[in-house]
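# Understanding the architecture of this molecule
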Amino acid sequence: MTILDGKALAAKIKEQTAKTTAKLAAEGKRQPCLAVVLVGEDPASQIYVRNKHNDCVTTGIKSLMHTLPADTSEVDLLNLIDSLNADDTVDGILVQLPLPKHLDEKKVTEHISASKDVDAFSAYNVGKITLGRGGFKPCTPAGIMRLLEEYGIEIAGKECVVVGRSNIVGKPMALLLLAAGGTVTVCHTKTADLAYHTRRADILIAAAGRADLIKDDMVKEGAVIVDVGMNRKDGKLCGDVDYEKCAAKASYITPVPGGVGPMTRAMLLENTITAYENH
Ligand code: GUN
């Protein structure tokens, strides 16, 4: 069994990003810039946003943090996005989700200019991925594809089973695996017999957000297991996969933490550089 070391690969990608920004600086060019908007005080979101900010700082990307109170009105948030869309020194815009209940996530996400939508959450960018016409790729699925590629894991012709159908992970993950030639099944909370599907998987992506959902009797011998889960169990971070037992059957597996999470953040940096280059 081989551990898919997302932390190590993300560090390599960050080094590459730092080289790119150093070269731009040496040429006297403008620094790439990511604007991050956080509304409210959700503790998990505060950590995610702080990590993203630190990643930018350490790789030479300018980080513009906008921290707004939880009772910010929709008009004020949309006005801020308007000003960031119009700002020529801003390359990427990210509004951290979830938003406070009174704000419409769909409306806010769609308000970000498609050319600055480094999360790739907008209908336009999702449509481009669906049609295979380029554009930004959403960071978590893109990070997983990069990790599989790094370890030489073939996707074409493989049975790929995605557990979870969220807009952020499950759906775009299925699209990228399909584009790479995988035979893709998407399972979710209404799937009648989850284990029937997961046992067929050569590549199993667990993105349901439920601790220990995937047990070893649900996994095929030699499967590649990617765990997107970020759950808390007795205060400890754990994924969707019962790690120890499943790892014993897997050919490759991602740890939590240190697997998918760092890759998501690395892809955000890459998307910001792409936004800068296309600017
Ligand atoms: N909330 C959880 N994951 C993400 C992400 O990748 N981007 C944003 N904007 N919000 C999130």
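Right above here is the structure, for reference.
Here the residue numbering is sequential within each chain, running from 1 through the sequence in written order. Selection of residues for local features in this predicted model requires a pLDDT of at least 70, selection of side-chain atom pairs for listing and counting requires 80 or more, and totals for whole chains, interfaces and linings are taken over all residues. As a convention, hydrogens and water are excluded, and side-chain values are obtained from all of the structure's heavy atoms.

Looking now at the sheet that holds strand β2 (residues 33-39). An order of β3-β2-β4 is seen for the three strands of this open sheet, with the pairing classed as parallel. Each edge of the open sheet is held by one strand with a lone partner, namely β3 (62-68) and β4 (92-95). Averaged over all adjacent pairs, the angle separating strand axes in this sheet is 15 degrees, with direction ignored. The pairing of β2 with β3 spans seven bridges and is classified as parallel. In the strand pairing of β3, A35 is matched with L64. By definition, residues are in contact when any of their heavy atoms lie within 4.5 Å. Axis lines are fitted to C-alpha atoms, over the contacting stretch for helices. Their N-to-C directions set the angle, which ranges from 0 to 180 degrees. Elements are defined by DSSP. Helices are runs of H or I of four residues or more, strands are runs of E of two residues or more, and each kind is numbered from the N terminus. Across the sheet, helix α2 (residues 43-59) touches β2, β3 and β4, and the angle it forms with β2 is around 165 degrees. By this definition, two strands are paired if DSSP reports at least two bridges between them.

Salt bridges are identified by distance alone: a Lys or Arg side-chain nitrogen within 4 Å of an Asp or Glu carboxyl oxygen. A full pass over the atoms with the stated rule returns eleven salt bridges. In this structure, the salt-bridge partner of D55 is R265, at a minimum N-O distance of 2.7 Å. Here D55, found in helix α2, pairs with R265, found in helix α10 (residues 260-278); they are 210 residues apart in sequence, far enough to count as distant. Partly exposed describes any residue whose relative accessible area lies between the buried limit of under 20% and the exposed limit of over 50%, with all areas from a 1.4 Å probe on protein chains only and scaled to the type maximum. On the accessibility criterion, R265 (27% relative accessible area) is partly exposed. Residue D202 pairs with K220 through a salt bridge whose shortest N-O separation is 2.7 Å. With D202 in the loop between α8 (194-198) and β7 (203-206) and K220 in the loop between β7 and β8 (224-227), the pair connects residues that are 18 residues apart, well separated along the chain. Three or more residues joined by partner-sharing salt bridges are found here, namely K14, D55 and R265.

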